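Structural characterization, general
So the chains spell out like this:
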Amino acid sequence: MSLDLAALTRAVAQHLRLVRVLVLKHAGSVPRETGTSMLVTTNGLEGTIGGGRLEDEAIRAARALLAEDAAPRLQTYPLGPRLGQCCGGSVTLLYEVFTAQNLPSALPYARAIDPAAPPPPQLTPLPDGTPRIEAGWIIEGPPPQNRPLWLFGAGHVGRAIVSILAPLNDRQITWIDTSADRFPDTPANVTPLIAADPARVVPYAPAHADHLIMTYSHDFDFALCHALLSHGFHSAGLIGSDTKWIRFQRRLATLGHSDAQIQRITCPIGDPALGKPPQAIAIGVVYALLKGKELQSQ
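In what follows, the accompanying structure is described. (Residues numbered from 1 in each chain as written. Predicted model: local features only at pLDDT ≥ 70, side-chain atom pairs only at ≥ 80, totals over all residues. Heavy atoms only, no water.)

**Quick word on the packing of aromatic side chains**
In the structure shown here, the tally under the stated rule is four aromatic pairs. Between the aromatic rings of Phe-98 and Tyr-109, the centroid separation amounts to 6.4 Å while the plane-to-plane angle is 55 degrees, which identifies the pairing as tilted. Remark: Tyr-109 occurs in strand E6 (residues 109–112) and Phe-98 occurs in strand E5 (residues 90–98); sequence separation between them is eleven residues. Here the two residues Phe-98 and Tyr-109 agree in accessibility, since each one is buried. Ring centres of Phe-222 and Phe-248 lie 5.3 Å apart, and the angle between their planes is 85 degrees; on these two criteria the pair is classed as edge-to-face. Here Phe-222 is found in helix H5 (residues 218–231), whereas its partner Phe-248 is found in helix H6 (residues 242–254), with 26 residues between them in sequence. (Phe/Tyr/Trp six-rings, centres within 6.5 Å; stacked < 30°, edge-to-face > 60°. Helix = DSSP H or I, 4+ residues; strand = E, 2+ residues; numbered from the N terminus. Buried < 20%, exposed > 50% of the residue type's maximum accessible area, 1.4 Å probe, protein only.)

**Observations concerning the packing of helix H4 (residues 156–165) against helix H8 (residues 278–290)**
Orientation of H4 relative to H8, taken along the N-to-C sense of each, is 50 degrees, at an axis distance of 8 Å. By the angle class used here, H4 and H8 are oblique. In the packing of H4 onto H8, the handedness of the crossing is right-handed. Across from His-156, Val-157, Ala-160, Ile-161, Ile-164 and Leu-165 in H4, the residues of H8 making contact are Pro-278, Gln-279, Ile-281, Ala-282, Ile-283, Val-285, Val-286, Leu-289 and Leu-290. Here the residues of the contact of H4 with H8 are counted per class, giving 13 nonpolar, two polar and no charged. (Axes fitted to C-alpha atoms, helices over the stretch in contact; angles between N-to-C directions. Parallel < 35°, antiparallel > 145°, perpendicular 65-115°, else oblique. Left-handed = near helix turned anticlockwise from the far one by under 90°. Contact = heavy atoms within 4.5 Å. Nonpolar A, V, L, I, M, F, W, Y, C, P; charged D, E, K, R; others polar.)

**Regarding helix H1 (residues 5–15)**
Because an α-helix completes one turn every 3.6 residues, residues spaced three or four positions apart along the sequence face the same direction. Listing the buried residues of H1 in full gives Leu-5, Ala-7, Leu-8, Ala-11 and Val-12. Buried residues along H1 cover an arc of 160 degrees about the axis, so they all sit on one side. When the buried face of H1 is taken as reference, the exposed residues oriented beyond 90 degrees from it are Ala-13 and Gln-14. For H1, the secondary structure elements touched by its buried residues are strand E1 (18–27), strand E2 (37–40), strand E3 (45–47) and E5. (Arc of directions from axis to C-beta.)

**Topic: the sheet that holds strand E4 (residues 73–78)**
Hydrogen bonds along the backbone pair up the strands of a sheet, which may run parallel or antiparallel. An order of E3-E2-E1-E5-E4 is seen for the five strands of this open sheet, with the pairing classed as antiparallel. Each edge of the sheet is formed by a strand with only one pairing partner; in this case those strands are E3 and E4. Direction aside, the axes of adjacent strands within the sheet are offset by 20 degrees on average. Here E1 runs beside E5; their pairing, made up of nine bridges, is antiparallel. Pairing of Val-21 across the sheet is with Tyr-95, part of E5. Sheet strands in contact with helix H2 (residues 52–66) are E1, E2, E3, E4 and E5, and its direction is about 30 degrees off that of E5. (Pairing = 2+ DSSP bridges.)

**Some details on the side chain of Asp-177**
By the element assignment, Asp-177 lies in strand E10 (residues 173–177). Asp-177 gets classed as buried once you look at its relative accessible area, which sits at 4%. A distance of 3.3 Å separates polar atoms of two side chains, one belonging to Asp-177 and the other to Thr-178. Excluding anything up to four places from it in sequence, Asp-177 contacts Gly-153, Ala-154, Gly-155, Arg-182, Phe-183, Leu-193, Ile-194, Ala-195 and Tyr-216. (Polar contact = N/O pair within 3.5 Å; in protein donor to acceptor, adjacent residues only side chain to side chain.)

**Here's the deal with the sheet that holds strand E13 (residues 235–238)**
If you walk across this open sheet you meet the six strands as E11-E10-E9-E12-E13-E14, and the pairing is parallel. Of all strands in the sheet, those with a lone pairing partner are strand E11 (190–194) and strand E14 (265–266), marking the two edges. In the sheet, E10 pairs with E11 via five bridges, with the strands oriented parallel. The residue of E11 that forms the bridge with Trp-175 is Pro-192. Across the face of the sheet, H5 comes into contact with strand E9 (149–152), strand E12 (210–213), E13 and E14 while running at roughly 160 degrees to E12.

**Notes on unusual backbone geometry**
The amide bond that connects Leu-107 to the next residue, Pro-108, takes the cis arrangement and shows omega of 5 degrees. Here Pro-108 is to be found in the loop between E5 and E6. Backbone torsion omega between Cys-267 and Pro-268 reads 0 degrees, so that peptide bond is classified as cis. Take Pro-268: it is sitting in the loop between E14 and H8. With a phi angle near 55 degrees, Ala-135 is a residue other than glycine that sits in the positive phi range. Locating Ala-135 in the fold gives a position in the loop between strand E7 (132–134) and strand E8 (137–140). In this structure Ala-135 comes out as partly exposed when scored by relative accessible area, which is 45%.

Here it is as structure tokens:
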């Protein structure tokens, strides 16, 4: 986890003033690790640092801070002795008030957390973007980004996948369908792309992207398979039955694609043990993506 600058900027624009609660350090068994954060407003909450007594205390402390013009504040919580939480570790939280006046303009973001800290040393953010503390200063960098995902189809399964994957905010998602009214409201890391013929946008996809094909048309799905095999990809998954895939394989072979190439496309996708509701298919697909591997039939 690391600083989600886009989410922080949107929240400040909406609420004008808020507190970001950051897990700055942790030791032992804890609900969430270093780098986890939540945004607290006078009557709202975005994100979680793990729930339970720790989060309750953090929310109360953050809302008390909202009424003050205070510098960043640190508080260490021994989870067992102070909060009675059986996980038993300790967590140091950093509370920071943000308004439009002190929003960071870019990442990495460095600031003093000790009023007596000397001028900033040469700070280099950690590769994973989590907080680094040195000489009374803290720096957070951008999160590492997983491969981009190109998702073709904004139907029930496509929407379910986006609803699960987008909040993780660890990859950019390009979401393609044939008209604007097929898309719901989309998060900042999801880019809707309208294409009357979805296969014609494939040449613009990065060669290392993951792809999921689940349009409302078998003709579109087949054309996308052909286009991706001609273009290149890291992984590609196609929604459908075994029968659909058998027919697609035959047709793709007649277009000159080798069996080895064709077998790089996974179909069906998801885990059949979970069932066929859109959410169940989405859970299986997202799990495969989270493992960081190519999509595999279960």
